[in-house]
Amino acid sequence: MLKKISLVFILCSIACSEKPKKSEQSAIDNQNKVAQFFAEMEARALEQPYHGIFTEEGEPEGLFPIFSTGVSTKPIVESAVAFIGILSNEQRQKILFPIDDPEWRKWSNVDNGIYKRQGMSLKMMDTAQKKAAFKLLQASLSAKGLQLSKDIMKTDQTLRELNDNSADYDENLYFFTIMGEPSATAPWGWQLDGHHLVINYFVMGDQIVMSPVFMGAEPVLTTTGKYKGNTLFQDEQNLGLGLMRTLDDAQRKKAIIATRKVQNNNVAAANKDNLTLNYQGLSVSEFNEGQKETLLHLIAQYVANMREGHHDIKMEEVLQYLNQTSFAWVGDTSKNAVFYYRIHSPVLLIEFDHQIAVGIPGANKEVPTRNHIHTVVRTPNGNDYGKRLLEQHLEAHHR
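Presented here is an overview of the structure given in this document.

What counts as what
The numbers attached to residues start from 1 for each chain and follow its sequence in the written order. Reporting of local features is limited, given that this is a predicted model, to residues whose pLDDT is at least 70; pairs of side-chain atoms are given and counted only at 80 or more, and all residues count toward the totals for whole chains, interfaces and linings. Just so you know, side-chain values use all the structure's heavy atoms and leave hydrogens and water out. Where helices and strands are cited, they refer to DSSP runs of H or I of at least four residues and of E of at least two residues respectively, numbered from the N terminus. We compute the radius of gyration from the C-alpha atoms alone; for a globule the expected value is 2.2 Å times N to the 0.38, where N is the number of residues. Partly exposed residues are those whose accessible area sits between 20% and 50% of the maximum for their type, while under 20% is buried and over 50% is exposed, using a 1.4 Å probe and protein chains only. Contacts are residue-level and defined by heavy atoms, with any inter-residue pair within 4.5 Å sufficient. Reported accessibility uses the Shrake-Rupley method at a 1.4 Å probe radius. Residues are deemed covered only where the shown protein chains occlude them. The charged-residue count follows a simple rule in which Lys and Arg add positive charge and Asp and Glu add negative charge, with His and chain termini not counted at all. To locate a charge, the coordinates of NZ of Lys, CZ of Arg, CG of Asp or CD of Glu are taken. If DSSP finds at least two bridges between two strands, the strands pair. Expected helix span is given by 1.5 Å per residue-to-residue step, counting one fewer step than there are residues. Among buried residues, the Ala, Val, Leu, Ile, Met, Phe, Trp, Tyr and Cys ones that are joined through side-chain atoms within 4.5 Å form a nonpolar core.

Turning next to the overall build of the chain. On a plain count of helices and strands, the chain comes out with 11 helices and 12 strands. By the compact-globule yardstick of 21 Å for 399 residues, the chain fits well, its C-alpha radius of gyration being 21 Å. Dimensions of the chain, computed from C-alpha atoms along their principal axes, come out at roughly 65 × 55 × 40 Å. Expressed as a percentage of the 399 residues in the chain, the buried residues total 56%. Considering only residue pairs separated by 6 or more positions, the chain has 72% of its internal contacts joining residues 24 or more positions apart. Element-wise, carbon and sulfur atoms account for 51% of the exposed surface of the chain, whose accessible area totals about 17700 Å². Charged side chains of the chain number 42 positive and 47 negative; the gap between the two group centres comes to 5 Å.

Burial runs high along strand E3 (residues 174-179): six of the six residues are buried. Covered by surrounding structure in E3 are Tyr174, Phe176 and Ile178 together with Phe175, Thr177 and Met179, the residues of both alternating faces. The pairing of strand E1 (residues 96-97) with E3 spans two bridges and is parallel. Counterpart to Leu96 in the pairing with E3 is Ile178. Of the strand pairs in this sheet, strand E2 (residues 120-121) and E3 are connected by two bridges, and their pairing is antiparallel. Bridge pairing links Ser121 to Phe175 in E3.

Moving on, we get to helix H6 (residues 143-162). Across its 20 residues, H6 extends 29 Å between first and last C-alpha, which sits within 8% of the 28 Å expected from 1.5 Å per residue. Of the residues one or two after H6, Asp164 is the one with positive phi, at around 55 degrees.

Before going further, it helps to spend a moment on the nonpolar core. With 68 residues, the main nonpolar core has Phe83, Trp190 and Ile199 as its most contacted residues. With seven residues, the top contributor of residues to this core is helix H9 (residues 289-303). If sequence neighbours within four positions are ignored, Ile199 has contacts with Leu141, Ser149, Trp190, Gln191, Leu192, Met210, Pro212, Val213 and Met215. Membership of the second largest hydrophobic core comes to 22 residues, among which are Tyr50, Phe97, Val198 and Leu277.

Below you can see the structure in the form of structure tokens.
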């Protein structure tokens, strides 16, 4: 599959008025095959009702209760209402979906040349609408999360520059949809879907669930063009390696599930909503206090993309299940190693993966690189997309 995908990312733009040459037609055919592959994969996933990510042992009791966090979501609601308010009727038809619509599960990290997205992209918006869309992001995310999102969008502009101005890449090809009606009490949410950036954001009262979240980048370090100097995921990378290097020999033996990093290792990305994933690696109950603090600092790099206040609520939840958390590693631990790690608890799943190069012409497409990173954040045990909270809400109000 990776070889097929790599061909897609090096396609040249083809003028509509020209008859494609034989080599160009072959590239188009390959792109269509890859697009069909992803469409069929999504269709198979959607045939199954949402269940969630579980271990073979099943679900612990008492997870994900409805409660008051004391952190207002009013700014998020108001920003969503304002955004919807400046859309035309035709645009609203594109962007608005019911709260339980399958649109929640229709997302992918791949580029727009091989995945067709729902909703309305930034590229389709006028200046005022785009400003309102970013205000919704600003109200929903922390300053860190907003900046990271913008920086990921920049990498698509860089890929456009590196790939002969290919229309498959664009810093404005990020699509918004809204599920349900923005409300202070009733459940609703929004989704941002684009290459290397997917955020699913569920709101109910003053509770939020921000998952699944996919954030990635290629290149991770931009050395040319409009956004030269743009750099991403260095803390997630370096803190993860730093934690691994604090482990003693006995701990490392348990944490490392594979010593060689020769492929992509993400397991919980798009179309993996119903995944059986057992705990692997080293239990955090075997960490010393310093290692636990380092792990929490690492986890916070991901959780802190949520807005302030709700970030603290999520970290409290993480702390509650810290000793039931596992830490798994693939790769070596040298200074410049490429690697994968997974942090897995009853309430949080984080993946970090150095990926094989895809979009950069001339790069080695056979081995993982530090210049292509994927990260995934999930809520295991059935609460991605806020599904467990929504179920409880519907049971209470629609008996």
